[in-house]
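Secondary and tertiary structure notes
This is what each chain is made of:
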There are 2 protein chains.
Amino acid sequence: MSDYRAPIKDMRFVMDEIAGFNELSSLPGFEEATPDLADAILEEAAKFACEVIGPLNRIGDQQGCQLTPAGVTTPPGWKEAYAQYREAGWNGITLPAEFGGQGLPNTLGIAAKEMLCSANMSFSLGPLLTTGAVEALLTCASEELKAVFLDKMVSGEWTGTMNLTEPHAGSDLALIRSRAEPQADGSYKVFGQKIFITYGDHDMTENIVHLVLARLPDAPAGVKGISMFLVPKFMVNGDGSLGARNDAYCVSLEHKLGIHASPTCVMAYGDNGGAVGYLLGEPNRGLEYMFIMMNEARLGVGLQGVAIGERAYQQALGYARERKQGRDALTGEALVTIDKHPDIRRMLMLMKSRVEAARALTYYTSGLLDRAHHLADAEARKQALWLAEFMIPIVKGGGTEMGIEVTSLGIQIYGGMGFIEETGAAQHWRDSRITTIYEGTTGIQANDLLFRKLMRDQGATAKIVFGEVYATVKALTASGKPELAAIAQKLGVALKMWTDATEWLAANAKTGLGGVLTAAVPYLNLAVVVCNGWMMAKAALAAVAHLDKGEGDLPFYRAKLASARFYADQMLPQAIACAETVKAGDAAIAGLGSELFDA
Amino acid sequence: MSDYRAPIKDMRFVMDEIAGFNELSSLPGFEEATPDLADAILEEAAKFACEVIGPLNRIGDQQGCQLTPAGVTTPPGWKEAYAQYREAGWNGITLPAEFGGQGLPNTLGIAAKEMLCSANMSFSLGPLLTTGAVEALLTCASEELKAVFLDKMVSGEWTGTMNLTEPHAGSDLALIRSRAEPQADGSYKVFGQKIFITYGDHDMTENIVHLVLARLPDAPAGVKGISMFLVPKFMVNGDGSLGARNDAYCVSLEHKLGIHASPTCVMAYGDNGGAVGYLLGEPNRGLEYMFIMMNEARLGVGLQGVAIGERAYQQALGYARERKQGRDALTGEALVTIDKHPDIRRMLMLMKSRVEAARALTYYTSGLLDRAHHLADAEARKQALWLAEFMIPIVKGGGTEMGIEVTSLGIQIYGGMGFIEETGAAQHWRDSRITTIYEGTTGIQANDLLFRKLMRDQGATAKIVFGEVYATVKALTASGKPELAAIAQKLGVALKMWTDATEWLAANAKTGLGGVLTAAVPYLNLAVVVCNGWMMAKAALAAVAHLDKGEGDLPFYRAKLASARFYADQMLPQAIACAETVKAGDAAIAGLGSELFDA
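Within each chain, residues carry numbers counting from 1 in the order of the written sequence. Here every chain gets a letter starting at A, and every ligand a number starting at 1, in the order they are written. Only residues with pLDDT of at least 70 get local features here, since the model is predicted, and only at 80 or more are side-chain atom pairs given and counted; chain-wide, interface and lining totals rely on the full set of residues. With hydrogens and water stripped out, all remaining heavy atoms of the structure feed into the side-chain values.

**Describing the overall build of chain A**
Broken down by element type, chain A carries 19 helices and 12 strands. Computed over C-alpha atoms, the radius of gyration of chain A comes to 24 Å, within 12% of the 25 Å expected from 2.2 N^0.38 for 599 residues, which places it in the range of a compact globule. Along the three orthogonal principal directions, the C-alpha set of chain A runs to about 80 × 60 × 55 Å. Split into buried and exposed, the 599 residues of chain A put 63% on the buried side. In chain A, of all internal contacts separated by at least 6 residues, the share reaching a separation of at least 24 is 74%. Accessible surface computed for chain A: about 20,200 Å², of which carbon and sulfur atoms make up 53%. Lys and Arg are tallied as positive, Asp and Glu as negative. Neither His nor the chain termini are counted. Charge positions come from single atoms, namely NZ of Lys, CZ of Arg, CG of Asp or CD of Glu. Counting 53 positive and 68 negative side-chain charges, chain A places the centres of these two groups 5 Å from one another. Each helix is a run of DSSP H or I of at least 4 residues and each strand a run of E of at least 2, with the numbering of both proceeding from the N terminus. Note that the radius of gyration is over C-alpha atoms, with the globule rule given as 2.2 Å times the number of residues to the power 0.38. Only protein chains enter the accessibility calculation, which uses a 1.4 Å probe; a residue whose area is less than 20% of its type maximum is buried, one above 50% is exposed, and one in between is partly exposed. Contacts are assigned to residue pairs with any non-hydrogen atoms lying within 4.5 Å of each other. Computed with a 1.4 Å probe, the accessible areas rest on the Shrake-Rupley method; for each residue, only the protein chains presented here act as cover.

**Quick word on the pairing of strand β5 (residues 188-198) of chain A**
Residues and elements named next belong to chain A. Two strands pair under a simple rule: DSSP has to find at least two bridges between them. Alignment of strand β4 (residues 179-182) against β5, held across four bridges, turns out to be antiparallel. Counted as the bridge partner of R179 is F191 from β5. If you look at the hairpin formed by β4 and β5, you'll find five residues sitting between the two strands, and G186 has a positive phi there, around 95°. With three bridges connecting them, β5 and strand β12 (residues 275-280) associate as antiparallel partners. Counterpart to K189 in the pairing with β12 is V276. Sheet analysis places β5 next to strand β11 (residues 264-269), joined by five bridges and oriented antiparallel. Bridge pairing links K194 to M267 in β11.

**A short note on the side chain of T365 of chain A**
Residue and element names in this part refer to chain A. By secondary structure assignment, the location of T365 is in helix α10 (residues 342-374). Here T365 falls in the buried class, since its relative accessible area comes to 0%. Within 3.5 Å is the distance limit for a polar contact, defined as a pair of N or O atoms, with the added protein rule that one can donate a hydrogen and the other accept it, and that residues adjacent in sequence qualify only through two side-chain atoms. Here the side chain of T365 touches L361 through a polar contact of 2.8 Å, landing on its backbone oxygen. Discounting residues that sit within four places of it in the chain, T365 has contacts with L299, A388, M391, I392 and V395.

**Some points on the domain arrangement of chain A**
For an interface, size is often stated in terms of accessible area lost upon the parts coming together. Domain parsing of chain A yields domain 1 (8-65 + 73-139), domain 2 (154-288) and domain 3 (452-587). When each unit is reduced to the centre of its C-alpha atoms, the spacing between domain 2 of chain A and domain 3 of chain A is 42 Å. Here the bounds of each domain stem from an automatic or database domain assignment.

**With respect to the UniProt feature "domain: Acyl-CoA dehydrogenase/oxidase C-terminal" (unreviewed entry) in chain A**
Taking the numbering used here, the UniProt-annotated feature "domain: Acyl-CoA dehydrogenase/oxidase C-terminal" (unreviewed entry) corresponds to residues 284-449 of chain A. Between the end C-alpha atoms of residues 284-449 of chain A there is a gap of 25 Å, over a span that is 73% helix and 0% strand. UniProt positions are given in the numbering used here, feature names are shortened, and annotations may be inferred rather than shown by experiment.

**Here we look at the relation of the copies chain A and chain B**
Superposition of the copies was done by least squares, using only C-alpha atoms of residues whose pLDDT is at least 70 in both. Rotating chain A by 180° about the axis while translating it 0.0 Å along that axis superimposes it on chain B, leaving an RMSD of 0.0 Å. Between the two chains, the operation in question is that of a two-fold axis. The C-alpha atom lying nearest the rotation axis in chain A is that of A577 of chain A; the distance is 3.1 Å. Counting the interface residues of chain A, we find that 100% of their copies in chain B are interface residues as well, pointing to one common contact surface.

**Digging into the pattern of salt bridges**
Residue and element names in this part refer to chain A. In what follows, salt bridge is the name for a side-chain nitrogen of Lys or Arg lying within 4 Å of a carboxyl oxygen of Asp or Glu. Evaluation of the coordinates by the stated rule reveals 62 salt bridges over all chains. A salt bridge links K352 to E356; the nearest nitrogen and oxygen atoms lie 2.9 Å apart. Of the two residues, K352 and E356 both sit in helix α10, four residues apart, roughly one turn of that helix. Here the two residues K352 and E356 agree in accessibility, since each one is buried. Beyond isolated ion pairs, a larger network of salt bridges with shared partners links D10, E114, E310, K352, E356, R359 and K560.

**Some thoughts on the nonpolar core**
We define the nonpolar core as a collection of buried residues of types Ala, Val, Leu, Ile, Met, Phe, Trp, Tyr and Cys that are connected through side-chain atoms lying within 4.5 Å of one another. With 312 residues, the main nonpolar core has I394 and W498 of chain A together with I394 and W498 of chain B as its most contacted residues. Apart from residues lying up to four places away in sequence, W498 of chain B is in contact with F390, V465, F466, Y523, L526, A527, V530 and C531 of chain B.

**Thoughts on the interface of chain A and chain B**
Contacts between the two partners involve 89 residues from chain A and, on the opposite side, 89 residues from chain B. The buried area of a pairing is the accessible area, by a 1.4 Å probe, that goes missing from both parts when the two are put together, added over both. At the boundary of chain A with chain B, total buried surface from both sides reaches about 7,800 Å², with 64% on carbon and sulfur atoms. Our count for the chain A to chain B interface comes out at two salt bridges. Across the pair R321 of chain A and D598 of chain B runs a salt bridge, and its minimum N-O distance is 2.9 Å. Between chain A and chain B we count 36 residue pairs in polar contact (both at pLDDT 80 or more) in total. Polar here means any residue other than Ala, Val, Leu, Ile, Met, Phe, Trp, Tyr, Cys and Pro, which are nonpolar, and Asp, Glu, Lys and Arg, which are charged; Gly is therefore polar. Looking at side-chain class alone, the side of chain A that touches chain B contains 42 nonpolar, 23 polar and 24 charged residues.

**A word on the UniProt feature "domain: Acyl-CoA oxidase/dehydrogenase middle" (unreviewed entry) in chain A**
Using the residue numbers shown here, the UniProt feature "domain: Acyl-CoA oxidase/dehydrogenase middle" (unreviewed entry) corresponds to residues 162-235 of chain A. Summarising residues 162-235 of chain A: 0% helix, 43% strand, and an end-to-end C-alpha distance of 18 Å.

**Some points on unusual backbone geometry**
Phi is positive for N284 of chain A, which is not a glycine, with a value near 70°. Residue classification places N284 of chain A among the partly exposed positions, given a relative accessible area of 27%. Look at Q458 of chain B: it is not a glycine, yet its phi comes out positive at around 50°.

Rendered as structure tokens:
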């Protein structure tokens, strides 16, 4: 199994040329985010990812976690690696300085996070969930709760969890039944069972802070009656020391297809008299708070597709450069390494260009989120936020579906060896499979794009994006270079498909809802292809600018240009197929009932 | 985990309306293959698949096989199930009556084989390999060897294996190093290590007949120096009783991503002095013999995609009809089963229509093979054979890629539960992943289609197919029905894309080989989409004929029509994208070397 190598150069290219990282240090609060600091952080993060947690990826998959009478134990080496993670200060790099973090831009933090996830996706999920919980506390916790919990969560001394799902309440959170009873001292007793709780229990930290959605006694039915509670694993004394064990236990671990080392817990709250909890924010606003941090959580899951795709690509490339089979069809050379065979090259390029495109879109969106929080002008902040929110379902839906397809190509390049678990190629594919499901399925991303992001401003944000894509097409054409013109032609067609499909949706939203809902995922796929192709076109423009000046690593920029054109040739034409499918709506099945499926 | 239900009605529809099963009983040798016999066989096969081997699928996945000092043991229940399989005579239904088989058409046998594979893919691999070995013996074994081995292999009393791959020789069989030394008595001693040997050892039968590719001492280098040997696990005495243990052992079992209950063996031949083997046919023609049976083996693997897709579809449908989440977006009804949600309907229909399309093409090709062997006229036999051979890579490449995508949709419909192994949805996805690799990867199917099947007659066979697709387009249009016209329009465009891409390939085959090789898989995908869409169009015509007459199960025919149109809407537009990609060739990367991948 080949080792992970952090693609720092690729990351910096995207940060600098596409996500505008270098402009961020001029924004209030980001003064320290200089290129030099970025270099230092990326190098250290690479070292940590490659040397400390990367080597634990395989043993994590093989041994997984165990539920013992004393709680959940992580695989050998996990605890020590987490201690190193925490001590090196990685947990707080993008979290507020006020609570001990470094307050650096997401556009820098995301590269470090990508490395963690590439090296060991199961490991990276603990910090991802903790960060989500921190965001929630920042949003809605009282000053007292913040004072007790935030420093320790920002440092990673304690981890956090998100407890939404119940056996009968998955995508439909309106069905949540967990309940909270107010106590005389202002606290609550929480009762209920939660499932799919990532890192719901483990042995890496002394305490765990559970955020739990539950209903108050007088709460209205449905999603407007859900409140959020903080339930610590151990109570915290006034002096910050740990007190009694709270009534919150992992009662079962799931046996999963992938991410074996990430404990997926069934959590029982209140089976022994009630779990002590504290209301976060106002009653009945739990779901609203959850959605505030959902943007960054979904961006983080989209990033997982990039990270695991990158890992699979590196591994497949390493194998293809070693494995000798067959004659070179073009030169006639006997017994060459398989990376010389055109179809293996096609698959490697497809892996590479799709990962690069999704990385670019993810980092670009991260840059928008940084601007949404730090730009001086309120109107500019709002526009950046709306653009970021428009992109989030595209990043999440597109990145995760790409991750599954790219890791599958990784197996294919290995041939028969890819099906053997010792090779490690299969693990990436298994691990990736959860990403299109958690934090909202691809179907939910599609509905979010259509009914929230596209329609909330009658397409105004979409039109800004269309305009920017069009500007890129014009810039490509204006260059007068045939390789850029080739990309421009395909991106132009793809953009036209996207605007056509959008018009079709707008025209049918009122009178043909069934068709619009059926078209949601194909429409999302269309947006993914165009936005990814747009990012690759920007990369091509940047690469050509360097090539024209003859400055920097010219083979690197030539490879970037080739990768962009490859994406245009292989992926952008799919926009035509997606648009056709969108516009077909549900004509084939409208009005037909369940008998459709029985035949 | 829901049970498997054999889709007999769907199978009969395809057999009768598309594969022309009913005409077969008029051909010499097929006189007994009447519709009544087909009914009886399909019902019995369904019973066996659903009641005997289906229930063993999960335990097979969980426990797998074990290598013990006495050899490989199969999971609990396996041995008994195999005994039932053999005793009921399933092994020989399409094998020659001369050796104890039933000699029935493949067009009937394929439905029974689909059921076996849907119920338990790991179980079905043993019989698949045995059938392949039988075909090889029929092709090239001496009368003496046939007399000793064939009856017992046809009945399933002994199983067979195919030994091609060596650690350094996978897709490139020219590298085979195993060797055979002639002995004074006319036998050979075989030496070498073979890997990925399916059912290389097991405890279900008393003997195993290994077919092994190896080199004679004076053999030329490369693929023209490979001979085929029969190496029994136990020697066979003159009276047919078993003699000494031969020097052929399983020395290791692979730990695989899927098909856990199918033992994938590392086989050592001759480690203790030499394994006794018998030359099959003439020296140095081993690979040629292997390719004779490759057609049916590849058809069988394409069928696996259909079978496992069908199983995943049934299971996802069962779950979607039980699981309640969310409000019906169209009627407003609260808390409905998820099969009411448009995106779940879309996924279920995509699963269903893609499985139906691939089944139709597989059975249709099976019908061509039956005609290729049984038509009275030699010229007609040859044309049927060439058409079948043209379709084989399309069936294999398309069916297997479809199987992976459809089983993935099955997981998606389950949501979070799909990622939990107990559900069983994940097993289908894991099991399916080998199918695009063994019996020739998708890349090899694509090269076979281009360089053997398309070019060997300068496109003459392809033109016959184009003509038949066009005739279907005309028939759809001539009907004057809007629902058929909608299909005709999309199939017509897709066909145009296919013919355009074929012309591009022909024009570039000599001067732009790199581009043509890069375009091979996209071209295969294009052929898959058009041929599958064509089959669905034929299904639509057949369904409408019944609907017009008002005869038979009308809801069934309405569902068939809807499924065909759904395929046209959702899948046929991909032909446009594929053709664009084919015609882009390798323009993006031509002339660039290995530095392309380092960036």
